[in-house]
Amino acid sequence: MALRFSPDNEARFQALLARYPDRRAALIPTLVLANREFGYLSREAMEYVASRLELPESYVLNTATFYTLLRKHPVGRFHIQVCMNVSCYLRGADHLADHLKRVLGIGFGEVTPDGLFSLEGVQCLASCGTAPVIQVNDDYHEDMTVEKVDCLLESLRRQASQADGARPGTGGVP
Amino acid sequence: MSENADRSAPPTPPTGPFLLRCRPGEAILRLDDHLTRGGFEPVRKALAMDPDAVTDEVKRASLRGRGGAGFPAGVKWGFLPKDNPKPRYLVVNADEGEPGTFKDRYFLERDPFPLLEGVIIASYAIRANVSYIYIRGEFVKQIRVVEDAIRQLYDRGFLGRNVLGTGYSLDVYVHPGAGAYVCGEESALLESIEGKPGRPRNRPPFPAQVGLFGCPTIINNVETMACVPLVLRHGADAFLKMGVPGDGGPKIYCVSGHVKRPGLYEAPMGTNLKRIIFEFAGGTLDDRPILGVIPGGSSTPVLTADELDVAMDFNSMRAKGSMLGSAATVVFTEGTCPVAVLLRISRFYAHESCGQCTPCREGTGWLERVVESIEHGNGRPGDCDLLLSAAGQIQGNTICALGDAAAMPVQSFVTKFRADFERHIAEGRCPHAHG
Ligand SMILES: Cc1cc2nc3c(=O)[nH]c(=O)nc-3n(C[C@H](O)[C@H](O)[C@H](O)COP(=O)(O)O)c2cc1C
Ligand code: SF4
Ligand code: FES
């Protein structure tokens, strides 16, 4: 099953190539694109990116492993990232994290058995004035409380049972 | 520009807000809405000037970099070699990662045009024809907003070939980050754009000489860029007067932690820290007494309650033994465990060290482990002095300032809250109820 960019992402990829005098500079944006399209950066996804940019696989791997948003393992359909840094800590981030771990039955770095949720503790999300904050896929949820977390999980579950095929989004692609 | 100003006009000082002009809930995302508010007048002004005259104006305004180090922007632009035939680049640092900082995000999601005006003016001043805006990868929505604003500018001739018919050409691109705090460091950021791991470069050469793709490059913070049109609009003298001598302009202060109204506040550079906390942010939660304030982002030395009567500008903060940094003020009140606060910070720097230099790689991990053992009741007598000496060994011995950033909070917390650290060690537990 050979990987391939969708027509939309293929167009984005072509546009990226035109932005830089050196095609290596398109590597991270292309990896972000692949991460989004394929859900995570499997070995095949990295090989695909390497071939598209005509770069050695080792070069691609070396760069990809440095960046936390370039995921080397599958995450849940809803990837929940809890900021654990200082401003969020002062506003009760640990309570939120404990609560999430308890209701989802997983720890940081784990995925629920149904593949719906994954959980991760992350560093400052630049949302300290509206702490504590969590990010679910592309979206920030600010000024969070345990009650708001419960509502959010419920709405995500509903979303999952209604629509299908939504992919976890991680990282922005121009 | 003041030379050209109409001397007969009464000298009414311009009134703000200059940077945070959107009202709560508002965003200015359509070019027309920006233009009806006088948008792009500063760009037209600049494009009618000689590029070097624009740089001089920014120099005279004493606009100091808002990314943390406070280096004067105009002086930096002046470092570009005059005789290098290579292309030049402007790179905008929108990696916003220093814990406590959330100001650049305002422009990226609610008011992108002043930032882009700054990009056009600065690119013109340094004679760059390509600019990259490096936005942290978590900012998915913000990347879309900036991309959309850029598209509008191309459509209307503010970007691309022959900007506004002046013959000057400029392309602006967004480049996404992918989750690495150290990429906010300017040379790591360049490595990252080039498709490599974000490991800071040895200097010299400085980016102004050998930067992106080996070409002369200027790197500036988002807020710095957003200040540039203000310099052109109001003139260097007026901009300088908005701040303190040698440090001009308005400033965005980020306030978070145990305050009633956390958020962004714009005020003159040099605004008193007490005023920021008690007047703007409404004082502390439940009016509890302050235990400590991290004034300028998690790397800046902590201040105690009796040290808050200080002007928030680059020089005054240095004189107080701390730093303005990114003006990210984190307040914590009595009842908070300072060891636990430091642990969050030390864990962060240990996690984010790129591992390239031994003192930082080994030292940050070591600091984290010792602070953690103290917090968890496993500290040993002498640990405070050990922490101080280990931090001292990192400082000044690393390729980039992340090493210093990890050392300074340890030194300041251990020095200023020493009794509390010693109590953890003596009692073999954290004496504070966490919660
Ligand atoms: C570890 C580290 C992280 C940094 N992170 C940022 C950042 O997120 N944003 C930023 O503008 N500057 C950051 N800086 C400062 C940049 O290296 C650089 O000084 C700045 O972007 C220059 O812009 P300015 O002169 O306009 O402030 C960081 C520096 C270090 C050492
Ligand atoms: S100081 Fe730390 S982050 Fe900076 S280059 Fe050295 S190891 Fe990397
Ligand atoms: S500390 Fe959580 S968003 Fe900054």
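The model shown is predicted, which means the values in this text are computed figures rather than measured ones.

Peer 1: Quick question: what am I supposed to make of the domain arrangement of chain B here?
Peer 2: By a widespread convention, an interface's size corresponds to the accessible area lost as its parts come together. Residue and element names in this part refer to chain B. With domains assigned, chain B is organised as domain 1 (19–241), domain 2 (250–333) and domain 3 (338–427). One C-alpha centre belongs to domain 1, the other to domain 2; they are set 26 Å apart. Contacts between the two partners involve 21 residues from domain 1, matched on the other side by 20 residues from domain 2. Between domain 1 and domain 2, a total of about 1,600 Å² is buried, with carbon and sulfur atoms accounting for 63% of that surface. The residue Glu223 makes a salt bridge to Lys251 at a minimum N-O spacing of 2.7 Å. Put simply, domain 1 and domain 2 have 10 residue pairs in polar contact (both at pLDDT 80 or more) between them. Secondary-structure elements contributing two or more residues to the side of domain 1 that touches domain 2 are α5 (104–110) and α9 (222–234). The biggest single contributor to the side of domain 1 that touches domain 2 is α9, with three residues.

Peer 1: What exactly am I supposed to notice about the interface of chain A and chain B here?
Peer 2: Between chain A and chain B, the contact holds 44 residues from the first and 61 residues from the second. Summing both sides of the interface, chain A and chain B together bury roughly 4,000 Å²; the carbon and sulfur share of this comes to 59%. Taken together, the links from chain A to chain B amount to four salt bridges. The shortest N-O distance in the salt bridge between Arg344 of chain B and Asp94 of chain A comes to 2.7 Å. At the level of secondary structure, the elements contributing two or more residues to the side of chain A that touches chain B comprise α2 (27–38), α4 (57–64), α5 (86–90) and α6 (93–104) of chain A. Considering each element in turn, the side of chain A that touches chain B owes the most residues, five residues, to α2 of chain A. The residue makeup of the side of chain A that touches chain B, split by class, is 24 nonpolar, 12 polar and eight charged.

Peer 1: What am I meant to see in the site of ligand 2 here?
Peer 2: Surveying the vicinity of ligand 2 reveals 13 residues, the closest of which are Cys354, Gln356, Cys357, Cys360 and Cys400 of chain B. Partitioning the shell around ligand 2 into residue classes produces eight nonpolar, five polar and no charged.

Peer 1: Looking at this structure, how should I read the nonpolar core?
Peer 2: Note that soluble globular proteins tend to have their nonpolar side chains buried in a common cluster. If you look at the biggest cluster of nonpolar residues, it comprises 93 residues, and the most contacted ones within it are Ile80 of chain A together with Trp77, Ile133, Ile135 and Met225 of chain B. A per-element tally of this core places helix α6 (residues 112–126) of chain B first, with 10 residues. Among all residues touching Met225 of chain B, those that are not within four sequence positions of it are Trp77, Leu90, Val92, Pro114, Leu115, Gly118, Val119, Ala122 and Asn220 of chain B. Counting residues in each nonpolar core, the second largest holds 85 residues, with Tyr48 of chain A together with Tyr349, Leu367 and Phe417 of chain B among its members.

Analysis parameters
- Residues numbered from 1 in each chain as written.
- Chains lettered and ligands numbered in written order.
- Predicted model: local features only at pLDDT ≥ 70, side-chain atom pairs only at ≥ 80, totals over all residues.
- Heavy atoms only, no water.
- Domains from an automatic or database assignment.
- Contact = heavy atoms within 4.5 Å.
- Buried area = accessible area lost by both parts, 1.4 Å probe.
- Salt bridge = Lys/Arg side-chain N within 4 Å of Asp/Glu carboxyl O.
- Polar contact = N/O pair within 3.5 Å; in protein donor to acceptor, adjacent residues only side chain to side chain.
- Helix = DSSP H or I, 4+ residues; strand = E, 2+ residues; numbered from the N terminus.
- Nonpolar A, V, L, I, M, F, W, Y, C, P; charged D, E, K, R; others polar.
- Near = heavy atom within 4 Å.
- Core = buried A, V, L, I, M, F, W, Y, C linked by side-chain atoms within 4.5 Å.
- Buried < 20%, exposed > 50% of the residue type's maximum accessible area, 1.4 Å probe, protein only.

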